[in-house]
Amino acid sequence: CSEYQKVLKASGEGATAQKFKMGDSLYNAGKWAKANRILGQIVPEYRGKPQAQKLMYLYAQTFYKMKDYYISSYRFEQFATSYPKSEKLEEASFLSAKSYYMLSPVYSKDQKETKEAIEKIQGFINQFPESEYLPEANKLVQELDFKLEKKAFSIAKQYSDIAPGFTRDYTAAIKSFDNFLYDFPGSSLREDALFQRLDAAYKQAVNSIEYKRSRAEGIVHIRKERIEATKEYSSSFLKTFANSKYIEQVNEMNRVLEEELKKYSTKS
Amino acid sequence: FNLQAQDLPYNSNKKYPIGKIKVQGNTSFAELTIINFSGLRKGQEINIPGEEIGSAIKKLWGTKLFNNIEIYLAKIQNDSAYLEIRLADLPQLNDLKVNGVKKSKIEGVIKDNKLKKGTKVTENLITTTKNFLTRKYKKDGFLNTKVHINTIDIKDSIKTSRVNMVLNIDKGTKVKISDITFTGNNAVSDKKLRKAMKSTKKINRLRVLKRSKFIDSAYQADLSSVIDKFKENGYRDARIISDSLIYNDDKTISLQINVNEGDPYTFGDIKFIGNTVYTDRELSNILRIRKGDTYNGVLLQKRIADNSKPDGNDLTNLYQNNGYLFSSIRQVEVSADDNVIDMEIRITEGKPAYFNNVSVVGNDKTNDHVVYRTLRTRPGGLYSKALVVRTVRELGQLGFFDAQEISPDFKNPNPVEGTIDMEYSVKETGSSQIELQGGYGGGGFIGTLGLSFNNFSIKDIFKKEAYKPIPMGDGQRLALRLQASRFYQTYSFQFSEPWLGGKKPVQFSTSISHTKQFLYDYINRRADKSRSFNITGITFGLAKRLTVPDDFFTLSNAISYQRYDLNNYNTGLFTFGDGFSNNLSYTVGLSRDNTSVDPIFPTGGSKFSATAELSFPYSAVNGVDYTALKEERNENQSILGSVSSTDLERTNAQNRISEIDQERYNWLEFYKVNFKGEWYTEITKNLVLRPLIEFGFLGAYNNDRGVIPFERFFVGGDGLGTYSLDGREAIQLRGYPNQSLSTQDGGTIYNKYSLELRYPITLKASAKIYGAAFVEAGNSYNSFKDFNPFNVKRSAGLGVRIFMPAFGLLGIDFGHGFDNALGETGKHGWETHFIIGQQF
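Notes on the structure follow.

Calculation notes
- Residues numbered from 1 in each chain as written.
- Chains lettered and ligands numbered in written order.
- Predicted model: local features only at pLDDT ≥ 70, side-chain atom pairs only at ≥ 80, totals over all residues.
- Heavy atoms only, no water.
- Helix = DSSP H or I, 4+ residues; strand = E, 2+ residues; numbered from the N terminus.
- Buried < 20%, exposed > 50% of the residue type's maximum accessible area, 1.4 Å probe, protein only.
- Contact = heavy atoms within 4.5 Å.
- Areas by Shrake-Rupley, 256 points an atom, 1.4 Å probe, with all protein chains shown as cover.
- Pairing = 2+ DSSP bridges.
- Axes fitted to C-alpha atoms, helices over the stretch in contact; angles between N-to-C directions.
- Salt bridge = Lys/Arg side-chain N within 4 Å of Asp/Glu carboxyl O.
- Buried area = accessible area lost by both parts, 1.4 Å probe.
- Core = buried A, V, L, I, M, F, W, Y, C linked by side-chain atoms within 4.5 Å.
- Patch = residues over 30% accessible without salt bridge, like charges linked within 9 Å, V, L, I, M, F, W, Y side chains within 5 Å.
- Lys, Arg positive; Asp, Glu negative; His and termini not counted.
- Charge placed at Lys NZ, Arg CZ, Asp CG, Glu CD.
- Phe/Tyr/Trp six-rings, centres within 6.5 Å; stacked < 30°, edge-to-face > 60°.
- Lys NZ or Arg CZ within 6 Å of the ring centre and 35° of its normal.
- Parallel < 35°, antiparallel > 145°, perpendicular 65-115°, else oblique.
- Left-handed = near helix turned anticlockwise from the far one by under 90°.
- Expected span 1.5 Å × (residues − 1).
- Bend = angle between axes of the 7 residues up to and from the residue.

**Regarding the overall build of chain B**
Phase 1: The helix and strand inventory of chain B stands at 13 helices and 35 strands.
Phase 2: Counting the 840 residues in chain B, one finds 43% classified as buried.
Phase 3: Here the analysis covers contacts within chain B between residues at least 6 apart in sequence; of these, 59% occur between residues at least 24 apart.
Phase 4: Entry remark: accessible area of chain B is about 43,000 Å², with carbon and sulfur atoms responsible for 53%.

**Remarks on the overall build of chain A**
Phase 1: From N to C terminus, chain A includes 12 helices and two strands.
Phase 2: The order of α-helices and β-strands along chain A, N terminus first, is α-α-α-α-α-α-α-α-α-α-β-β-α-α.
Phase 3: Burial status across chain A gives 49% buried among its 268 residues.
Phase 4: Across chain A, contacts joining residues at least 24 apart in sequence account for 53% of those joining residues at least 6 apart.

**Considerations on the sheet that holds strand β1 (residues 14–24) of chain B**
Residues and elements named next belong to chain B.
Phase 1: Pairing in this open sheet of four strands is mixed, and the strands run β2-β1-β4-β3 from one edge to the other. Edge positions in the sheet fall to β2 (45–48) and β3 (66–77), since each of these pairs with one other strand and no more. For this sheet the average axis-to-axis angle between neighbouring strands, irrespective of direction, equals 45°.
Phase 2: Strands in contact with helix α1 (residues 31–38) are β1, β3 and β4 (80–89); relative to β1, the strand with the most contacts, it is inclined by about 140°.
Phase 3: Strands β2, β3 and β4 of the sheet are contacted by helix α2 (residues 51–62), whose axis makes an angle of about 150° with β3.

**Observations concerning the side chain of Thr230 of chain A**
All names here are of chain A.
Phase 1: Inspection of the secondary structure assignment puts Thr230 in helix α11 (residues 222–240).
Phase 2: For Thr230, a relative accessible area of 1% corresponds to the buried category.
Phase 3: Discounting chain neighbours no more than four positions away, the residues touching Thr230 are Leu198, Ala201, Tyr202, Ala205 and Leu257.

**Some thoughts on the pattern of salt bridges**
All names here are of chain B.
Phase 1: Using the criterion set out here, one finds 54 salt bridges over all chains in the structure.
Phase 2: Salt-bridge contacts for Glu232 lead to Lys229; the nearest nitrogen and oxygen are separated by 3.9 Å. Note that Glu232 and Lys229 are positioned in helix α6 (residues 216–232) at a spacing of three residues, about one turn of the helix.
Phase 3: You can call Glu232 partly exposed: its relative accessible area is 32%.
Phase 4: Glu756 is paired through a salt bridge with Arg690; the nearest N and O atoms lie 3.8 Å apart. Of this pair, Glu756 sits in strand β31 (residues 749–763) while Arg690 sits in strand β28 (residues 687–699), placing them 66 residues apart in sequence.

**What to know about the interface of chain B and chain A**
Phase 1: Counting residues at the interface gives 33 residues for chain B, matched by 25 residues for chain A.
Phase 2: Between chain B and chain A the total buried area reaches about 2,400 Å² when both faces are included, carbon and sulfur atoms providing 50% of it.
Phase 3: Of all residues in chain B, Asp368, Arg378 and Pro379 of chain B give up the largest surface area on contact with chain A, accounting jointly for 23% of the area buried on that side.
Phase 4: Our enumeration of links across chain B and chain A arrives at two salt bridges.
Phase 5: Linking Asp368 of chain B and Lys151 of chain A is a salt bridge whose minimum nitrogen-to-oxygen distance equals 2.8 Å.

**Some remarks on the nonpolar core**
Phase 1: By size, the foremost hydrophobic cluster in this structure holds 98 residues, and its most contacted members are Ile38, Leu39, Ile121 and Phe124 of chain A together with Leu395 and Tyr424 of chain B.
Phase 2: If one sorts the elements of this core by residue count, helix α8 (residues 134–161) of chain A sits on top with 10 residues.

**As for a positive patch on the surface**
Residue and element names in this part refer to chain B.
Phase 1: On the surface, a cluster of positive charge is contributed by Lys20, Lys22, Lys42 and Lys75.
Phase 2: Inspection of the secondary structure assignment puts Lys42 in the loop between α1 and β2.
Phase 3: Judged by relative accessible area, Lys42 falls into the exposed class, the value being 64%.

**Some remarks on the packing of aromatic side chains**
Residues and elements named next belong to chain B.
Phase 1: The tally for this structure, following the rule as stated, stands at 44 aromatic pairs over all chains.
Phase 2: Joined through ring pairs, the aromatic side chains of Tyr671, Phe695, Phe697, Tyr701, Tyr781, Phe784 and Phe787 make up one cluster.
Phase 3: Across the ring face of Phe714, the terminal group of Arg728 is positioned such that the distance to the ring centre comes to 4.0 Å.

**Concerning the packing of helix α7 (residues 112–127) of chain A against α8 of chain A**
Residue and element names in this part refer to chain A.
Phase 1: Relative to each other, α7 and α8 sit at 155°, their axes nearing to 10 Å. Considered as vectors, α7 and α8 are oriented roughly antiparallel to each other. Note that α7 runs across α8; the crossing there is left-handed. Across the interface between the two elements, Thr114, Lys115, Ala117, Ile118, Ile121, Gln122, Phe124 and Ile125 of α7 pack against Leu134, Ala137, Asn138, Leu140, Val141, Leu144, Asp145, Lys147 and Leu148 of α8.

**Observations regarding the sheet that holds strand β15 (residues 407–414) of chain B**
Residues and elements named next belong to chain B.
Phase 1: Strand order across the open sheet formed by three strands is β14-β16-β15, with mixed pairing between neighbours. Strands with a single pairing partner mark the edges of an open sheet, and in this sheet they are β14 (354–361) and β15. On average, adjacent strands in this sheet sit at an angle of 20° to one another, irrespective of strand direction.
Phase 2: Examined bridge by bridge, β15 and strand β16 (residues 419–425) share six bridges and lie antiparallel to one another. Counterpart to Phe410 in the pairing with β16 is Met422.

**Some points on unusual backbone geometry**
All names here are of chain B.
Phase 1: In the Ramachandran plot, Asn68 falls in the positive-phi region, its phi being about 45° despite a non-glycine side chain.
Phase 2: Mapped onto the elements, Asn68 comes out in strand β3.
Phase 3: Classification of Asn68 as exposed rests on a relative accessible area of 53%.
Phase 4: We note that Glu711 has phi near 60°; this positive angle belongs to a residue other than glycine.
Phase 5: Inspection of the secondary structure assignment puts Glu711 in the loop between β28 and β29 (713–715).
Phase 6: In this structure Glu711 comes out as buried when scored by relative accessible area, which is 5%.

**Describing a nonpolar patch on the surface**
Phase 1: Judged by side-chain polarity, Ile559, Leu584, Tyr586, Leu614, Trp667 and Tyr701 of chain B come together as a nonpolar surface patch covering roughly 500 Å² of accessible area.
Phase 2: Summarising the element assignment, Leu614 of chain B is placed in strand β26 (residues 602–615).

**Notes on helix α3 (residues 32–46) of chain A**
All names here are of chain A.
Phase 1: Taking 1.5 Å of rise per residue, 15 residues should cover 21 Å, and α3 covers 20 Å from first to last C-alpha, within 8% of that figure.
Phase 2: Gly40 marks the point of greatest bend in α3, at about 30°, and the proline Pro44 comes within the next four residues.
Phase 3: For α3, every residue scored as buried is listed here: Ala35, Asn36, Ile38, Leu39, Ile42, Val43 and Tyr46.
Phase 4: On its buried face, α3 is in contact with α1 (3–9), α2 (15–28) and α4 (52–65).
Phase 5: Gly48 sits one or two residues past α3 and shows a positive phi near 85°.

Okay, structure coming up:
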């Protein structure tokens, strides 16, 4: 029977203090799981006592170190609300927010946790604008924001990537990139999004039939409309990203579009 | 409540702190507890008279523990109020006696009315119990039920007051409806009106599904159906003047319903107002009601918006399926002169709605690209109800989400801009299955380890962080299976990707398997490792979802190769003990599947598949004279069969047959055709009927070379493929032992019909359970000559299926075979089948 087991099973006078001491030293030794187990035992007994502050901090830390971020986020949050005057307040608040960050999944899955994490970290930044953790917090938010951007971008891109006859839908791609540009105005993927929108619109326009009958609007000169719209996309792209890596492709599209437009102007 | 109102006039309202509270009366509760219940406390300032005392009494009543609660002002001393609470405990129920119902039902009565020992007996309890029971028996047709409740105080030394209760229930006799008559009806016959009453029926010995009892609530609903019946026939003013219930002498009742029909009406002009998208003509083609038709309000409502059919052909759906989400349609009677009703159908079309944002939430495991490629509602697309319905169905069919919990939520409807956001909320379900089995069977221990991941992600297998606990989310399927016993081992690996390359729904699948079997000596229980039979196989398949004739069709192609290696392995199955056989075949299949919604428990749609498996026609090109071989084989066969042959001659003949068979089966030459069709129909709510028909045929290109002994059909039993030696197909036919309806070598042709009625017990994600009743018939034949689709073995039975995400499908069937299995003389009788892992 090891010392740890003995202390773990101890009860009665002095056992609690002994457990605290051992939990503390286990924590310092980096034995998170063991420390967690022993500290967890005495949490109820210290409730309301002065030593509780340190205990709760250590307890929350063990969860964080064990990568049990669901619980560590909660425990640190509790700590921050229970001891608003603690010197560890800032650290605990940050670690609580960072626990949320850790829970955020890969961009291609549901982003509920990501949105929560952004909110929490933003809350931290607002509360401690001078914090030493600020650079890291900013970095984390940026990373999370980028996840949301990448998600929206990939979904939009898939609409134009899929083979014709299946879920390929240029209208959906254009609309999705529109929404993307509106939702993430400062995105680092902006150039790509603008190009992808143009690309989808271009492919849709040049492959269009001339006229379309629609219930709501009657006969629409759909090809001309689309080419004109695409021309606008290409002009706005060229204006914003004159030195783009896509410049050659865009110039080529632009040339074709202008030629197409000429046909319509001579006809009418 | 008694606050000495005489002594303290109400307007002398004054505040006093409470000095002391005393409790008096017959109670087993501690004084402090009761004071706590009352909410009053020492030192509290209260008005006397005032509402604090009133609320204290209310609180005490609220505990449902006391009776006769009163609060007195005992005295006022030093400007403090001294209160006294007087109350008595409510009596507790000690013993309950129930008379007049069967012993087995008493438990139910106690449970329904919460009449446990120790319950506080209040007036309310007695009244509600009485009412509840009276109503309950009336519902079952005991119209004359009387319930009496007596309580008897117990006087003994125990302080708490207790009572015994006696429940006398006199159900009387069951009352049936002997007759329902109508007066005042000329246009609609009594018979038709009686038919319109769905739950109130008169006695009819031939009717089995509905009883002729009288239930008031159902009767009231039926009365309005009677009125609807008149309305359907143009009598829109019809009403019921009176209805009476007459008790007859013979424990029956008669219902007499007196109606006033009013005049018949017809439709007059029907005008459409507000329609710009569709012409009057198009709309009236859907309405299908003309001027001069008998007025029928029920039909009119159905043609405008049929609430019973979400995909009905009505005006609302015409607009809703073509983008007009914000449209609304109202019918208005503009005049009713001379019993001709002119109608106006007022349509507010609104702007056509386009989807703006379309999103999916809740996909914690499945990657976006797998989900979004399934969506039929896309940003920028025109709103359509039908597409939403179809998307929900197809998300359910992916098998990654709980089909019962997919909900399409409309967000941010904007009638001005004509946009709507769509959010599909899904819930992941466990789609991996683990099978770990150890069992005793086939003469020894058999261990099985099976892993099946239905939503695998192969690209993540080298990413450490993706292991939670396995890489998931790309919709791929990976299955591994190891099975071993003392005399055989099977290894198999399967992988499939539903969208090869991510651009098209072309499913790629591959499987590799290897089986090694040693000759088993059943007497010594030893496997002879020097004599073995190995089968190694590999399959590649591509299945493409088609877009024509519609996109429920799938065309599949597969190439498979199998090698059978025999090493001194002589059993009855093969005439050559040392040798080999190759099976290279191409399979083409066309299938259509539009079953919906839950793949485990489909409630609608149908599934068809037709496949053909072909080998290369070697005999046409390899120049071997199979006719000669056949003759030679027959000669040798007759030597074997002849009594006059010597042992040496027999051995030689046997060896020669082996050689010939090796020649015939070195490359298997065959074609095989399968057809299967099944339909799902929801008969009433949740009750699903599934008819199924199956047919299979195995043939040879060259009749002299003969039909191969592999790839055959084995009809009978649970239809589970046990370790398959030779590409055999096990065909389920319950009520008979496994493979008992085919000859030892298997049939070359089979057919099967089945009718199954299913009813779900629960369809929760954690476990889906349904019960089934089935009748089946089928048979296998050795050649087309014997084939007779009506010469079938019949069976019927009952079963249960349980689907749990982690274990797959489990089930048990009890089938009764009405005919004889092969080798039996009488009918087979009952047979129990355990179903493990077989989907659908």
